[in-house]
Amino acid sequence: MMSSGLLIVISGPSGVGKNTVINNLFNLRSQLKYSISATTRKPRPNEIDGQHYFFLTETEFQNRIKNGDFLEWAKVYEYYYGTPRQYVQNLLQAGHDVVLDIDVQGGKQIKRSMPEAVLIFLAPPSMTELKNRLRGRNTESETELTKRIRYIETEFESIPFYDYLVINREIDLTCELIECIIQAEKSKVKRIEPNLVKKILNS
Ligand code: 5GP
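Residues numbered from 1 in each chain as written. Predicted model: local features only at pLDDT ≥ 70, side-chain atom pairs only at ≥ 80, totals over all residues. Heavy atoms only, no water.

Asker: Talk me through the side chain of Glu47; I want residue IDs and the actual numbers.
Answerer: Relative to the helices and strands, Glu47 is located in the loop between strand 3 (38-39) and strand 4 (54-55). With a relative accessible area of 14%, Glu47 lands in the buried category. A polar atom in the side chain of Glu47 sits 2.8 Å from the backbone nitrogen of Arg44. Among residues more than four places away in sequence, those in contact with Glu47 are Arg41, Lys42, His52, Tyr53 and Phe55. (Helix = DSSP H or I, 4+ residues; strand = E, 2+ residues; numbered from the N terminus. Buried < 20%, exposed > 50% of the residue type's maximum accessible area, 1.4 Å probe, protein only. Polar contact = N/O pair within 3.5 Å; in protein donor to acceptor, adjacent residues only side chain to side chain. Contact = heavy atoms within 4.5 Å.)

Spelled out as structure tokens, the structure:
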């Protein structure tokens, strides 16, 4: 029996619409908390340090790995990405539900160290649509795009490690489905606060 918050991992290939889904999810469930990752990738024009990511140098990132500051970390494409351990643990202990937008390597690490986490893989309806979306957003160079497209197959191979597969056909439906997953997971008897049943009986 556990009473801490739910750790929700959302992974999926670049261009699948993860950011939009996660933003919409936060509008629907304002009590959700987002874990801001650290990365060695350079910020994109619209990205703010401490809001979208904590942008670190490679030396800073390596030092944090040495200090055990990350709950998980991975090299995705050619950059490092990591989830701050203390921040996430504090939120969970305080009973908040926390969303991690991380890649499949990170998802697998989380499943191993925190099997109670809920892992959701977001997939596109088709590869054609995914490639079009990736090209359309104009945030990566042709070389980076090729790398990202090549990595997609590896990501799909990790689906069996996930608890849920959600196909992002239509944003509202996708968010509704993820909401249902969160609700169902939170209603699992093993997650219910031990005193709740007593409270109901005595009220
Ligand atoms: P982007 O560079 O497009 O923001 O992110 C690239 C990939 O890195 C995405 O699949 C994203 O989910 C993943 N990512 C972002 N933060 C983390 C993290 O803290 N850990 C891991 N393992 N992957 C992350």
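Asker: Would you mind going over the site of the ligand in detail, with residue names and values included?
Answerer: Close to the ligand lie 17 residues; Ser37, Arg41, Tyr53, Tyr81 and Asp101 are nearest. A distance of 3.1 Å separates an oxygen atom of the ligand from a polar atom in the backbone of Gly82. One of the side-chain N or O atoms of Thr83 is found 3.4 Å from an oxygen atom in the ligand. Alone, the ligand offers 520 Å² of accessible surface; in the complex the protein occludes 95% of this. (Near = heavy atom within 4 Å. Areas by Shrake-Rupley, 256 points an atom, 1.4 Å probe, with all protein chains shown as cover.)

Asker: Describe the side chain of Glu140, with residues and values.
Answerer: As for its placement among the helices and strands, Glu140 is situated in the loop between helix 5 (127-137) and helix 6 (142-157). A polar side-chain atom of Glu140 sits 3.0 Å from a polar atom in the side chain of Arg44. Looking at Glu140, its side chain comes within polar contact range of the side chain of Arg137, at 3.2 Å. Contacts of Glu140, omitting those with residues within four sequence positions, involve Arg44, Leu134, Leu145 and Arg148.

Asker: Describe in detail the sheet that holds strand 2 (residues 33-34), supporting the description with residues and values.
Answerer: Pairing between the strands of a sheet is mediated by backbone hydrogen bonds and can be parallel or antiparallel. Taking strand neighbours across the sheet as the criterion, the five strands line up as 2-7-1-8-9 in an open arrangement whose pairing is parallel. At either end of the open sheet lies a strand with only one pairing partner, and these are strand 2 and strand 9 (164-167). In terms of strand pairing, strand 2 meets strand 7 (residues 98-101) through two bridges, oriented parallel. Opposite Lys33, over in strand 7, you have Val98 as the bridge partner. Strands in contact with helix 7 (residues 171-186) are strand 1 (7-11), strand 8 (118-123) and strand 9; relative to strand 9, the strand with the most contacts, it is inclined by about 160°. (Pairing = 2+ DSSP bridges. Axes fitted to C-alpha atoms, helices over the stretch in contact; angles between N-to-C directions.)

Asker: Which residues make up the pairing of strand 1, and what are the values?
Answerer: Of all five residues in strand 1, five are buried, a share of seventy percent or more. Covered by surrounding structure in strand 1 are Leu7, Val9 and Ser11 together with Ile8 and Ile10, the residues of both alternating faces. Strand direction decides the pairing type here: strand 1 and strand 7, joined by four bridges, are parallel. Of the residues in strand 7, the one forming a bridge with Leu7 is Val98. Examined bridge by bridge, strand 1 and strand 8 share four bridges and lie parallel to one another. The partner of Ser11 across the bridge, within strand 8, is Phe121.

So yeah, pure geometry; function would need other evidence.
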